[in-house]
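The primary structure of each chain is shown beneath.
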Amino acid sequence: MRPCGVFDKSYAQDIAIVRTWQHWTILISALIVLYLFPLFGSYYLTSFMNLLAISVIAVLGLQIVSGYCGQISFGQAAFMAIGAYTSSVLTIHFGVSFWLALPLSGIVAGAVGIIGGAPSLRIKGMYLAMATIAIHFVVIWLILHLDITGSFKGLYPPYPSVGGFEFDTDERMYYIIMTVMVIMTYAARNLMRTKVGRAFVAIRDNDLAGEVMGVNLYHYKLLAFFIACFYAGIAGSLWAHLITVVNAEQFTLLHALEYVGMLIIGGMGSIPGVFFGVLFIRILNEAVMFTSPALAKSLPWLGTSPAAALGLIAFGLAVIIFLIFEPRGLAHRWEIFKASYRLYPFAY
Amino acid sequence: MKKKCLLFLVIAAWVGLSLGVFSTASFAEEKEVIYLSLADYTGPIAGLNVPADMGLEDYIKEINAKGGVEGITIKFIGIDTRYDVARAVSAYKRYRRTPRLLMVNSISTGIGKALARLIEKDKRAQLVPGDGEFQAHLGRTFIWGPAYQDAFAAIMGWVMDDWKAKGKSGAPVVGYLSWDNPYGREPLRGGKEYAESRGIKVLPPEFFPPGTLKHDVYLTRLAEGGADYIYAGGVDPTPTNVIRDAYALGLTKRIQFLNGYWGPTALGIGIHADALEGTAIVSFFQRGTDALMNKEPTELWKKYRGALDAYNEVYGMGMSWAMTYVAGVKEALKEVGYKKLNADEVYKAYQRITGFERAGIQGPCAYSPSSRRGSLEVKIYRVKGGKIMPITDWRKVPDAVSLHTF
């Protein structure tokens, strides 16, 4: 929907992601703020932004396979682990540069994702969900039992570097992570405007009808899994080189569930929804951590651990309340806001 | 509309309450030092962590009520990581640059490993449960008591005594069963070497994911392998559940079950006393009847928590952490005074409080320039008639860490 009085005059205008000069202004300003953020943001906020961006990349992948292609997956944390370990193994054991290890970790995770996605050709819904959970446990078991992954001891990958300059702080890593996030977001947004993106949506909405129309289910479902796992692999690689230690405990099924939760809260089938979902869950998590000690101090009879549990309850309550009032996700609320803003001063 | 108003009021009250505290805290001009606990209050080791941090917090309250450490108030910050490394790293980064954050207790082997590099970089010190790697590679990470492998070796020593006392010849066969994670495998790194040096045959270990509900397959395999003793790792209630399954299989009649530090506490005993009967536990802190007879922690419990019915012995361990922290801060203050007091000075001070006594809750402090072990002694306990009772006095642990190449 365009703002009142704005019309598309060509096909190029019609399909453009950034449509008006106001859009361009907002986008460029946002990018400037994003890249200048470490200069005025605190250390904590910068490190928090890194965590947000890595989660965004992982959830973007999940959005593609689940939100757009309709293939439910609880394997995203495991594929992140594959990316993290691939990158660590390549840099530690083979001396490969981080800059090469980063895309390779995405490709390896994507390739494993194709194997993981194979069951989607025969099963769907809850059955597929169960299959992806099984993949999660297989991956984690392998990590814990292979020598090359450091077994239970984990691995200590190095910080990325360029000609002797090490990205050894959160502030330095920020620029790498944000650049990757911006590129990956643009790629995901663009993908949805292509034939591939439309095929994904056709499969999600009605795979049988899609197949009748000529969509090759075999090809596109596996492609969706490849792309989703590629994203997870990239996120895993960034995570590994940010904290410079990886072990299997960092990639639990709870993380996979959290990513699915981010998707539902943000809104299935929406790129901005990914950002909303990640922001909502991560900020709520941080808010719980931030307020629990304060609650414990203001209510001394309660003690610290029950106060932390209260935080968890608050988190659960917030999610439930949210789901009752806006089950289509925050992205839907955003769409409503945009529509009313663009139609102003008219009601419809 | 009413619903929205109510929702708004609840959120506003919650935020307001928190902000109110922040504002008073920031305007207050008191001398303060911080202790950060990256704890698990709602995850898989909450059963251990909640009572431990209660002991820690109550002792700190007591010290603060008496005027603090030489007039300095201790601020305790407890963060619920839910045993999640990413949450713990994020939480540490939130407080990383807080002035006077003098000690971080990373309550999980995985979290400790993840934070170790940052801790080194920040010239701070952290505490972790019992990972021997931190003794093998001396750095800024201290462990709470002897390393896991030391304790495993100690109970292997007891196994040999027990075997001989039963009049049996040769050496026993020991099975090992624990969580499939870094913590679960740690006791064998050095512990296995020690056992084998004593002639004990250690069967191929069995590992299972944390959260597993039934352990029959693993137990049956170990039993069929000829185990005379089975060491069940994991944090309570996991060891309790393992032995519950063994009891149901009839294995507890012919196999002696052993547990590590986090084996059955009052929590597990209260649920499966019959199944646990006869189980031996190696512990670096006082357990069961021993713990109940120690006046200092029990009096503190009564003062802040009420009747002793719900007392958990892990409470004493938490109190011991706080006592060590107070001693460390005092030692650092003696050396540099409040103005120059920082995390690095406390790290150095921890290495000078060798021999410090903690109300008998655990052995004398063993931190030193060449030791990151919190103490060197363990006791062996046994479940008898639904109670955990000591069957040995404090005994020094063998140095199993040095037997393994890390």
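Since this is a predicted model, take the numbers as computed values, not measurements.

Chemist: How would you explain the overall build of chain B if you had to name every residue and give the values?
Modeler: Helix and strand counts for chain B stand at 15 helices and 14 strands. Against the compact-globule benchmark of 22 Å for 406 residues, chain B has a radius of gyration of 22 Å, which places it among compact chains. The dimensions of chain B, computed from C-alpha atoms along their principal axes, are 70 × 60 × 40 Å. Contacts spanning at least 24 positions in sequence make up 68% of the contacts within chain B whose residues lie at least 6 apart.

Chemist: Talk me through the overall build of chain A; I want residue IDs and the actual numbers.
Modeler: Broken down by element type, chain A carries 13 helices and 2 strands. For a compact globule of 348 residues, the expected C-alpha radius of gyration is about 20 Å, and chain A comes in at 21 Å, within 12% of that figure. Based on the C-alpha atoms only, the size of chain A along its principal axes is roughly 60 × 55 × 45 Å. Across the 348 residues in chain A, those meeting the buried criterion constitute 46%. Here the analysis covers contacts within chain A between residues at least 6 apart in sequence; of these, 75% occur between residues at least 24 apart.

Chemist: Describe in detail helix 3 (residues 85-95) of chain B, supporting the description with residues and values.
Modeler: Among the 11 residues that make up helix 3 of chain B, 10 are buried, leaving the element largely enclosed by the rest of the structure. Within helix 3 of chain B the residues assigned to the buried category are V85, A86, R87, A88, V89, S90, A91, Y92, K93 and R94 of chain B.

Chemist: Explain the domain arrangement of chain B to me, using residue names and the numbers behind them.
Modeler: In many reports, interface size means the accessible area that the parts give up when they come together. All names here are of chain B. Considered domain by domain, chain B is made up of domain 1 (30-146 + 294-375) and domain 2 (148-283 + 378-403). One C-alpha centre belongs to domain 1, the other to domain 2; they are set 28 Å apart. The interface of domain 1 with domain 2 comprises 18 residues on the first partner and 24 residues on the second. Every element with two or more residues in the side of domain 1 that touches domain 2 is listed here: helix 2 (46-65), helix 4 (109-121) and helix 5 (133-136). Tallying contributions element by element places helix 4 first for the side of domain 1 that touches domain 2, with 3 residues.

Chemist: Give me the domain arrangement of chain A: which residues, what numbers.
Modeler: Residue and element names in this part refer to chain A. The domains assigned to chain A are domain 1 (20-252) and domain 2 (270-348). Here domain 1 and domain 2 have C-alpha centroids that lie 24 Å from each other. If you look at the interface, domain 1 gives 11 residues, while domain 2 gives 8 residues. Listing elements by their share of the side of domain 1 that touches domain 2, those giving two or more residues are helix 3 (43-68) and helix 7 (170-191). Here the side of domain 1 that touches domain 2 takes 8 residues from helix 3, the largest share from any one element. Here the residues of the side of domain 1 that touches domain 2 are counted per class, giving 7 nonpolar, 3 polar and 1 charged.

Chemist: Summarise helix 15 (residues 343-350) of chain B; cite the residues concerned and give the values.
Modeler: Residues and elements named next belong to chain B. With 6 of its 8 residues buried, helix 15 lies for the most part within the structure. A343, E345, V346, Y347, A349 and Y350 are the residues of helix 15 that are buried. In this structure, the buried residues of helix 15 make contact with strand 3 (101-106), strand 5 (141-143) and helix 14 (314-336).

Chemist: Go over the sheet that holds strand 5 of chain B with me, naming the residues and quoting the values.
Modeler: All names here are of chain B. Taken together, 5 strands build an open sheet; the order of strands is 2-1-3-4-5 and the sheet is parallel. Of all strands in the sheet, those bounded by a partner on one side alone are strand 2 (73-80) and strand 5. The mean inter-strand angle of the sheet, taken between neighbouring strand axes irrespective of direction, is 20°. Looking at chain direction, strand 4 (residues 126-128) and strand 5 are connected through 3 bridges and run parallel. What sits directly across from Q126, in strand 5, is T141.

Chemist: Can you lay out the nonpolar core for me, pointing to particular residues and giving the numbers?
Modeler: Residues and elements named next belong to chain A. Counting 217 residues, the largest nonpolar core has I57, A81 and Y231 as its most contacted members. The greatest single-element share of this core, amounting to 19 residues, is contributed by helix 9 (residues 217-243). Not counting residues within four places of it along the chain, the set of residues in contact with Y231 comprises I57, A58, L60, G61 and M184.

Chemist: Lay out the pairing of strand 2 of chain B in plain terms, naming residues and giving numbers.
Modeler: Residues and elements named next belong to chain B. In terms of residue burial, strand 2 counts as a mostly covered element, since 6 of its 8 residues are buried. The pairing of strand 1 (residues 32-39) with strand 2 spans 8 bridges and is parallel. Opposite V33, over in strand 2, you have I74 as the bridge partner. Regarding the hand of the β-α-β motif, the stretch spanning strand 1, helix 2 and strand 2 is right-handed.

Chemist: Which residues make up the environment of S151 of chain A, and what values go with them?
Modeler: All names here are of chain A. Within the element layout of this structure, S151 appears in the loop between helix 6 (126-145) and strand 1 (161-162). For the pair formed by S151 and A248, sequence separation is 97 residues and the distance between their alpha carbons is 8.6 Å. With near-sequence residues (within four places) excluded, S151 lies in contact with L144, H145 and L146.

Chemist: Now, about unusual backbone geometry: what can you tell me, with residues and values included?
Modeler: Note the cis peptide between D236 of chain B and P237 of chain B, where omega equals 15°. Tracing the sequence through the fold places P237 of chain B in the loop between strand 9 (229-232) and helix 10 (238-248). Of note, the phi angle at T244 of chain A is positive, near 55°, even though the residue is not glycine. Tracing the backbone shows T244 of chain A in the loop between helix 9 and helix 10 (253-266). Phi angles above zero are rare outside glycine, and R100 of chain B is one such case at about 65°. Structurally, the position occupied by R100 of chain B is in the loop between helix 3 and strand 3.

Chemist: With reference to specific residues and values, describe the packing of helix 10 of chain B against helix 11 (residues 266-276) of chain B.
Modeler: Residue and element names in this part refer to chain B. It is the contact of helix 10 with helix 11, at a shortest axis distance of 9 Å, that shows an interaxial angle of 30°. One element, helix 10, and the other, helix 11, form an angle in the roughly parallel class. Crossing geometry of helix 10 relative to helix 11 is assigned as left-handed. For the pair formed by helix 10 and helix 11, the contact residues are P239, T240, I243, R244 and Y247 on the first element and G268, I271, H272, A275 and L276 on the second.

Chemist: So what's going on with the pairing of strand 6 (residues 173-179) of chain B? Which residues, and what values?
Modeler: Residue and element names in this part refer to chain B. Burial analysis of strand 6 places 6 of its 7 residues in the buried class, which makes it a mostly covered element. Taken together, the 2 bridges between strand 6 and strand 7 (residues 201-202) define a ladder with parallel strand orientation. By the bridge assignment for strand 7, V173 is matched with K201. Pairing of strand 6 with strand 8 (residues 206-208) involves 3 bridges; the strand directions are parallel. The residue bridging S178 from the neighbouring strand is F207, located in strand 8.

Calculation notes
Residues numbered from 1 in each chain as written. Chains lettered and ligands numbered in written order. Predicted model: local features only at pLDDT ≥ 70, side-chain atom pairs only at ≥ 80, totals over all residues. Helix = DSSP H or I, 4+ residues; strand = E, 2+ residues; numbered from the N terminus. Rg over C-alpha atoms; globule rule 2.2 N^0.38 Å. Contact = placed C-beta atoms within 7 Å. Buried ≥ 20, exposed ≤ 12 C-beta atoms within 10 Å, placed from the backbone. Domains from an automatic or database assignment. Nonpolar A, V, L, I, M, F, W, Y, C, P; charged D, E, K, R; others polar. Pairing = 2+ DSSP bridges. Axes fitted to C-alpha atoms, helices over the stretch in contact; angles between N-to-C directions. Core = buried A, V, L, I, M, F, W, Y, C linked by C-beta atoms within 7 Å. Right-handed = clockwise from strand over helix to strand, strands pointing away. Parallel < 35°, antiparallel > 145°, perpendicular 65-115°, else oblique. Left-handed = near helix turned anticlockwise from the far one by under 90°.

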